[in-house]
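# Structural overview
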Amino acid sequence: MRLLVEPRLVQSRVVRFGAPAAGLAFGLLLSAIMLELFGIPAPAAYLAIIESGFTGGLFAISDTLTVATPLILCGLACALAFKTRLWNVGAEGQLFLGAWAATGVAIALLPAGTPGFIAIPCMAVAGFLAGAAWGAVPGFLRARFGTSEILTSLMLVYVAAHWNNYFIYSVWSDRGFQMTRLFPRESWLPRLSDLASSWPGAAGLTLHAGFVVALLLAALFWFVMFKTRFGFEIKVTGISERTAHYAGMPVRRNIVVVMALSGGLAGLAGMCEVTGVVHRLQENFSPGYGFTAILVAWLARLNPAAIVLVSFLLSGLLVGAREIQPSGIAMMLQGIVLTCVVAADFLTGNRIRIVKDAARTEAP
Amino acid sequence: MNRTGEHQGNTTGERREGLEEPVSSLQPLSFAPEKPGSSHADEHVSSLPPVSLDLEGISIEFPGVLACDRVSLAIRRGEIHALVGENGAGKSTLMHCAAGILRPTSGTIRVDGTPVRFTSPQDAQAAGIAMVFQNFLLVERLSVLDNVLLGSGSLPPLLERVKLAAGIEPVCKRLGIELDWCRPVESLSAGEKQKVALVRALYRKARILILDEPTAVLTPDESDRLLETMRRLAADGVSILFVSHKLPEIRSVADVITVMHRGRAVASSLPARGISAEAVASLMVGGDQASAPISAPASASASPSQSQSQSQSQSQSPSQSQSQSQSPSTSLSTSPPPPSSPPLRLDSVTLRAGGHDRLLSLSLSLRSGELVGIAGVSGNGQRELVSVCAGIVQPTSGSVSVGGSDLTGRSPRDFFEAGLCYVSEDRYNEASAAQLSLADSICLKWYRSLRGALPGSLDTAAVTRTAGRILESFNVRHSGPAAPTASLSGGNLQKLILGRELSHEPAVLIVHQPTQGLDLASTEFVYQALRQQAARGTAILLVSSDLDEVLALSDRLLVMYRGRFVGEFPRCEFDRLRVGSLMAGLVGEAAP
Amino acid sequence: MNGSEFTQNLLAAGVARGTPLLFAVQGELLAELSGVLNLGLEGIMLASAMAGVAVAHFAGSAWAGLAAATAVGALFGVVHAFLAVTLRCDQVVTGLSLVFVGTGISSVGGAPLVGLRQAVPHFTKLPIPGLCDLPFVGPVLFSHVWPVYLGFATIPVIYLFLTRTRAGLNLRAVGENPAAAAAVGLPVTRLRYLYVVLGAGMAGFSGATLSLAVTPGWVDGLTAGQGWIAIGLVIVGGWRPLPAAIGAYLFGAIHRLTLDLQGTGIPLFQDPNTGFFLNMLPYLAAVGVLVAASLGRRSGAAPTALGRPFLPGTTR
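Residues numbered from 1 in each chain as written. Chains lettered and ligands numbered in written order. Predicted model: local features only at pLDDT ≥ 70, side-chain atom pairs only at ≥ 80, totals over all residues. Heavy atoms only, no water.

Moving on to the overall build of chain B. Each helix and strand counted, chain B has 19 helices and 20 strands in total. Residue burial in chain B is summarised as follows: out of 592 residues, 57% are buried. By sequence separation, contacts in chain B at least 24 residues apart represent 68% of the contacts at least 6 residues apart. Of the accessible surface of chain B, which amounts to about 23600 Å², a share of 50% is contributed by carbon and sulfur atoms. (Helix = DSSP H or I, 4+ residues; strand = E, 2+ residues; numbered from the N terminus. Buried < 20%, exposed > 50% of the residue type's maximum accessible area, 1.4 Å probe, protein only. Contact = heavy atoms within 4.5 Å. Areas by Shrake-Rupley, 256 points an atom, 1.4 Å probe, with all protein chains shown as cover.)

What follows is the structure, given as structure tokens:
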């Protein structure tokens, strides 16, 4: 009698959705144990997260969707790269640079009083381009020299962080504080609370227009992936670079393009965050959106609709975890849940049978 | 003949059921006399050497597949036992089982009469069984010495390599082999690698040697020397079980033959000298030997769909090619001089990669409708040659032109658009990808023309339609266009790939190892398709390490050795021996 | 400060700061040579550095902290090996998920430790009598905490292990061609577990070296990307132990260079703004050497089976 692991020939619907769900449940259980180990009452912590992230009324939902916005954008950024089997783990850095460029446009480039319909698109373009440039660097190094994009994209996160600090602490510092001055009112993204004059219920709701942009881009992502020739090339390249090259697809060019688009999406997330939420550039404006996005993309299996859903759930976690101390809890929960879901993936591809005695493994 | 095999299969099956539990020590005695007497052999009755490896009623089941079905096989001491059968007949599985890599689902293995249960290859080694794999399973980056030593039970924790090498010398002497201990295995030729694998097996004091297609990658000369070594080992008392498709060599070296078909032994321990090649070939394809038709040579006009019925005639072609009984060519080498713009032309192409010269000043020109074969032992630059021809790899110098336009330095897409199609040897990782759906695999090159309404969009309905059309017209056995490419067998995948390339109506077709790993029916399908396409005027470059295949199909043949063309033969001058010695680099660099 | 003093301080600091990197690099090297990519290094180092400080603080002994840190690292190794070897998950994803776990745990568990700083029991410098008085060489090589000396010793040990021992040969075979290794009877799965756990344990030791010896005390994000740099150094060193070790010390020095340059009195480096750019230096240098390495070799030196799960019973 022993355990036999064999590939699952047919993946039923139950298994496909059941296994990740089981992984999620197991991950939450494991996290609870870890929290208790560190002396944090887990049930209370979970309840606090659910309360302030999801069930705490309109404000909670609005906050959660606000946090979901950069997560969706960065999740799409990661999913695009992962689909091509490019491990862009530097979305955080691309987000920093997007935020930086948008800030530069808002407070340094455009004259005061520029109307929003000019300022906001300019900031968006700048944010996208800056992120794209930052993403294109590892893409180019990978395409040209074969350098591991995992490490280079990650190293560039640290570089981007120091670059932003230079501007936050020095060049654009507001009277010596570690932040820039507030953006002019015109270049803020419209948000729900702007409607408060006609609909008082909206007062204090922080959800901004970036969320709509994120949803539109998710739809566009779906179209590009499944309904365009570029999407077809991406799919083939991700499965086998050699096959793509054999089929005459411009593999190297696509690697740079994908990394640039991926960086651009993350840059857009940074732009949305500074113009939609904080309205200035400061250190630590992102609680690691770019890193959490890796998790989002993977949990969603690179599917855009699922990215929106997973972003919503995880942003609830991020919002909730703000309320409880210490601050690393969200990161730990994410890590444990991801690990468990990845392990559960094994069950979707394989099944474990108990057998008496048989051929040792699968066919050679 | 076939009936005998069937009968034997049944009896062993019954035996298995009947004697599952009882004392096993009686079993070898009870049916030892039956085995050799099963069909022809009257000469072995008494004074036979003892059985050293006895596989009895071995069944091996994989999820959904019964790879071996109650197969029995006995190898005597000092015997050379050939195991033949088509791909997928279960030979490899059976050998892996004997070597301790797989466990049988049911059945018994005995070594020198003692039942054994292998849970790992090491168990088999301890029992004196060693296997030399078709791909040798050596660690390429490690040195020859390290490969021989690796995993040896008697290895001390600290390696004193000089002393250890001295300990292996006697084994080499016994085999008449010399090895350079320090060279990394990756720099060796296939023949040398095989020697390393043999030395490794014998260094472990193997008394039973299992060889999986040992001559598949060797030059004719290297094969001869291997057969000689096998004879010497057998005379020393080593029992050898070997798999081969090459009937002449089987008949020259083997004492007995076991034929497998669809997981069963359809004939066991036939004396090798008394049987005709035709009889074995017929058993291999599951036919009845007596009524096996010696059909007429395949004609160029036969359609691919007829291939099934052609398979039996093909089964003999490898053994017959020396006599050149088949004459499939449509254009003779005395055809008119080449037109001004040949479909494919290479001009002193040189390729350097990884610090080595891979291709050295190759020039080649193909005519429309001409099938040019490149013979050579694999690893002599063939892969680089086809990659350069298809635009996958850029040559270091020289030029490649397709249809008269110089495409040097251009992308594979430009080559494709100039009318060049390429069937790569790596079906699952280059010519398609295992995880792609069948429809996507088929539309790998079609997708550019399947435009949707919006700019940049893809007409996904057209993808499915195109896929369905090609799957059907090339007779691919599949489970829906959305199924993963990995679900296809090698033969069906090759049909898909060839079908896809031919659907583009190429002016030039490059095929690399088109029938490697394919069964007879699929092989014949490929041959028919190639002949037909050449008849339609496509220039075909066939690169293969299967010399018989190149000899049978080509109008013109070039021999490749160490990145050069070392010989060129028009069809009327094909000379198997001379080609063979050129392949081995024996004849100096004859000017092409 | 004169030139030779500057160089001496820089090299001494490079050796000290390079030591944690060295252990991490060697651990990763062993895991990768067995064919398993462990991208979780940064998380493992953080979690074990935190665990080291915590245990040292509560048990009052730096040795207990060191042992705990190593054990935490090894535990991460067990998890990674289970995911990557047994479950054959994508090693990039499992590695990244371990980074999350490790970073999160270190941040949660380390929150109460942040203020402790030097109050935590830690290892102090142990100059080697006699040798430490040598001019230049003494301060550079022989006036350090003891893990630095251990680091020196590991370099030849690992080199000889890989080239001269049966176990080293088996390790390389498993990472190059697991099917061939299995065919001659090596327990591929067991060996991969062994080296993944050993490698992660060394990463744990490396984290503790950082938090209990080189820069005592805990701050959030203590490693500042050194785990990633260690992975890069394995690549840059071409999977050979000696160049990887040299790289570790070099990056130790680069880390220190940013501080030292600001102390030189050269106006450019005294401008605080330059500091932001000097801080980028280790990361830009890492990108630079990675590119240089890929230019030189085109990744030919990686173990052939790196990152590829092995299905026992297969022969190709």
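Read on for the rest.
Opposite the 25 residues of chain C that make contact, chain B presents 23 residues. In this assembly, chain C packs against chain B so that about 2100 Å² is buried in total across both faces, 59% of it on carbon and sulfur atoms. Across the chain C-chain B interface, the total number found is one salt bridge. For C:Glu176, the salt bridge identified is with B:Arg141, shortest N-O distance 3.0 Å. Applying the counting rule to chain C against chain B returns eight residue pairs in polar contact (both at pLDDT 80 or more). Elements that contribute at least two residues to the side of chain C that touches chain B include exactly helix H6 (146-164), helix H7 (166-176) and helix H8 (178-183) of chain C. The leading source of residues in the side of chain C that touches chain B is H7(C), at six residues. Grouping the constituent residues of the side of chain C that touches chain B by class yields eleven nonpolar, nine polar and five charged. (Buried area = accessible area lost by both parts, 1.4 Å probe. Salt bridge = Lys/Arg side-chain N within 4 Å of Asp/Glu carboxyl O. Polar contact = N/O pair within 3.5 Å; in protein donor to acceptor, adjacent residues only side chain to side chain. Nonpolar A, V, L, I, M, F, W, Y, C, P; charged D, E, K, R; others polar.)

All names here are of chain B. What the four strands build is an open sheet, ordered S12-S11-S14-S15; its pairing is antiparallel. The sheet terminates laterally at strand S12 (356-366) and strand S15 (405-406), the two strands that pair on one side only. Of the pairings in the sheet, the one linking strand S14 (residues 397-402) to S15 comprises two bridges and is antiparallel in character. Across the sheet, the residue bridging to Val402 is Ser405, located in S15. (Pairing = 2+ DSSP bridges.)

As a further point, take the pattern of salt bridges. One side chain can pair with another of opposite charge once the charged atoms of both are near each other. Applying the stated criterion to the full structure yields 31 salt bridges over all chains. Between A:Asp345 and A:Arg301 there is a salt bridge whose closest N-O contact spans 2.6 Å. Of this pair, A:Asp345 sits in helix H13 (residues 329-349) while A:Arg301 sits in the loop between helix H11 (289-299) and helix H12 (304-323), placing them 44 residues apart in sequence. Its relative accessible area of 21% is what places A:Asp345 among the partly exposed residues. For B:Arg352, the salt bridge is made with B:Asp357, and the minimal N-O distance between the two is 3.0 Å. A residue is classified by how much of its surface remains accessible, and B:Asp357, at 38% relative accessible area, is partly exposed. Sharing partners across several salt bridges, the network here consists of B:Arg367, B:Glu370, B:Arg556 and B:Glu568.

Each side of the interface is counted separately: chain C has 50 residues, and chain A has 50 residues. The largest share of the area that chain C buries against chain A comes from C:Phe100, C:Val108 and C:Phe276, three residues that together contribute 17% of it. Inspection of the region where chain C meets chain A yields one salt bridge. Note that A:Arg85 is salt-bridged to C:Asp90, the shortest N-O span being 3.0 Å. Viewed at the interface, chain A and chain C are joined by five residue pairs in polar contact (both at pLDDT 80 or more). At the level of elements, helix H2 (41-59), helix H3 (62-86), helix H4 (91-110), helix H10 (226-236) and helix H13 (272-297) of chain C are the ones that each hand at least two residues to the side of chain C that touches chain A. For the side of chain C that touches chain A, a count of residues per class yields 31 nonpolar, 15 polar and four charged.

Ranked by internal contacts, the top residues of the largest apolar core, which has 376 residues, are B:Leu209, B:Phe242, B:Leu344, B:Leu541 and C:Trp228. Considering each element in turn, this core owes the most residues, 13 residues, to helix H3 (residues 57-83) of chain A. Discounting residues that sit within four places of it in the chain, C:Trp228 has contacts with A:Ile150, A:Leu151, A:Leu154, A:Met155, A:Tyr158, C:Leu39, C:Glu42, C:Leu96 and C:Val99. Listed in part, the 13 residues of the second largest apolar core include B:Leu547, B:Phe569, B:Leu582 and B:Met583. (Core = buried A, V, L, I, M, F, W, Y, C linked by side-chain atoms within 4.5 Å.)

Residue and element names in this part refer to chain A. Following the sequence through the fold, Thr114 ends up in the loop between helix H4 (91-109) and helix H5 (116-145). Thr114 sits in the buried class, given a relative accessible area of 13%. At 2.5 Å, the side chain of Thr114 forms a polar contact with the backbone oxygen of Pro111. In this structure, Thr114 is in contact with Ala119 and Glu186, ignoring residues within four places of it in sequence.

Turning next to the pairing of strand S13 (residues 371-375) of chain B. Residues and elements named next belong to chain B. Burial analysis of S13 places five of its five residues in the buried class, the great majority of the element. Alternating residues of S13 divide into Leu371, Gly373 and Ala375 and Val372 and Ile374, and every residue in both groups is buried. Alignment of S13 against strand S18 (residues 539-544), held across five bridges, turns out to be parallel. Paired with Ala375 across the two strands is Ser544, which belongs to S18.

Residues and elements named next belong to chain A. For the pair helix H2 (residues 42-55) and H3, the least separation of the axes is 6 Å and the interaxial angle reads 85 degrees. Between H2 and H3, the crossing angle belongs to the class labelled roughly perpendicular. Across the interface between the two elements, Glu51, Ser52, Gly53, Phe54 and Thr55 of H2 pack against Gly57, Ala60, Ile61 and Thr64 of H3. Along the lines of polarity and charge, the residues of the contact of H2 with H3 split into three nonpolar, five polar and one charged. (Axes fitted to C-alpha atoms, helices over the stretch in contact; angles between N-to-C directions. Parallel < 35°, antiparallel > 145°, perpendicular 65-115°, else oblique.)

This next bit is on the confidence of the model for chain B. Residues and elements named next belong to chain B. In this model, chain B carries a mean pLDDT of 79, and residues with pLDDT of at least 70 account for 81%. Scored below 50 in pLDDT, residues 1-45 shows 53 contacts in the model against residues more than four places distant or in partner chains. In the predicted structure, residues 288-338 sits below a pLDDT of 50 and forms 77 contacts with residues beyond four places in sequence or in another chain. (pLDDT = per-residue confidence, 0-100.)

All names here are of chain A. End to end, helix H7 (residues 210-227) covers 25 Å across 18 residues, agreeing with the expected 26 Å (1.5 Å per residue, within 8%). Taken as a whole, H7 has its buried residues at Gly210, Phe211, Ala214, Leu217, Ala218, Phe221 and Met225. All buried residues of H7 project into a common sector of 110 degrees when viewed along the axis, lining one side. Elements in contact with the buried residues of H7: H3, helix H8 (229-239), helix H10 (251-278) and H12. (Expected span 1.5 Å × (residues − 1). Arc of directions from axis to C-beta.)

Moving on to the sheet that holds strand S16 (residues 420-423) of chain B. All names here are of chain B. The strand order across the open sheet built from six strands is S16-S17-S18-S13-S19-S20, with neighbouring strands paired in mixed fashion. The open sheet has two edge strands with one neighbour each: S16 and strand S20 (564-570). For this sheet the average axis-to-axis angle between neighbouring strands, irrespective of direction, equals 15 degrees. With six bridges connecting them, strand S19 (residues 556-561) and S20 associate as antiparallel partners. Bridging from a neighbouring strand, Met560 pairs with Phe565 of S20. Strands in contact with helix H17 (residues 520-535) are S13, strand S17 (508-512) and S18; relative to S18, the strand with the most contacts, it is inclined by about 150 degrees.

The next point concerns a nonpolar patch on the surface. Residues and elements named next belong to chain A. Residues Phe26, Leu29, Leu30, Ile33 and Leu37 make up a contiguous nonpolar surface patch of about 500 Å² in total accessible area. Relative to the helices and strands, Leu30 is located in helix H1 (residues 13-37). The partly exposed category is assigned to Leu30, whose relative accessible area is 33%. (Patch = residues over 30% accessible without salt bridge, like charges linked within 9 Å, V, L, I, M, F, W, Y side chains within 5 Å.)

Residues and elements named next belong to chain B. In terms of burial, S17 is a largely internal element, five of the five residues being buried. By the alternation rule, side chains of S17 split into Val508, Ile510 and His512 and Leu509 and Val511, which are all buried. As judged from the four bridges shared by S16 and S17, these two strands associate in the parallel manner. When the sheet's bridge partners are listed, Val423 is paired in S17 with Val511. With five bridges joining them, S17 and S18 adopt parallel strand pairing. Counted as the bridge partner of Leu509 is Ile540 from S18. Note that the unit made of S17, H17 and S18 has a crossover that is right-handed. (Right-handed = clockwise from strand over helix to strand, strands pointing away.)

Across its 27 residues, helix H9 (residues 188-214) of chain C extends 37 Å between first and last C-alpha, which sits within 8% of the 39 Å expected from 1.5 Å per residue. In terms of residue burial, H9(C) counts as a mostly covered element, since 21 of its 27 residues are buried.

For the rest of this paragraph, the subject is the environment of A:Val257. Residues and elements named next belong to chain A. If you trace the backbone, Val257 turns up in helix H10. Assessed through its relative accessible area of 30%, Val257 is described here as partly exposed. Considered as a pair, Val257 and Leu318 are 61 residues apart in the sequence and their alpha carbons are 31 Å apart.

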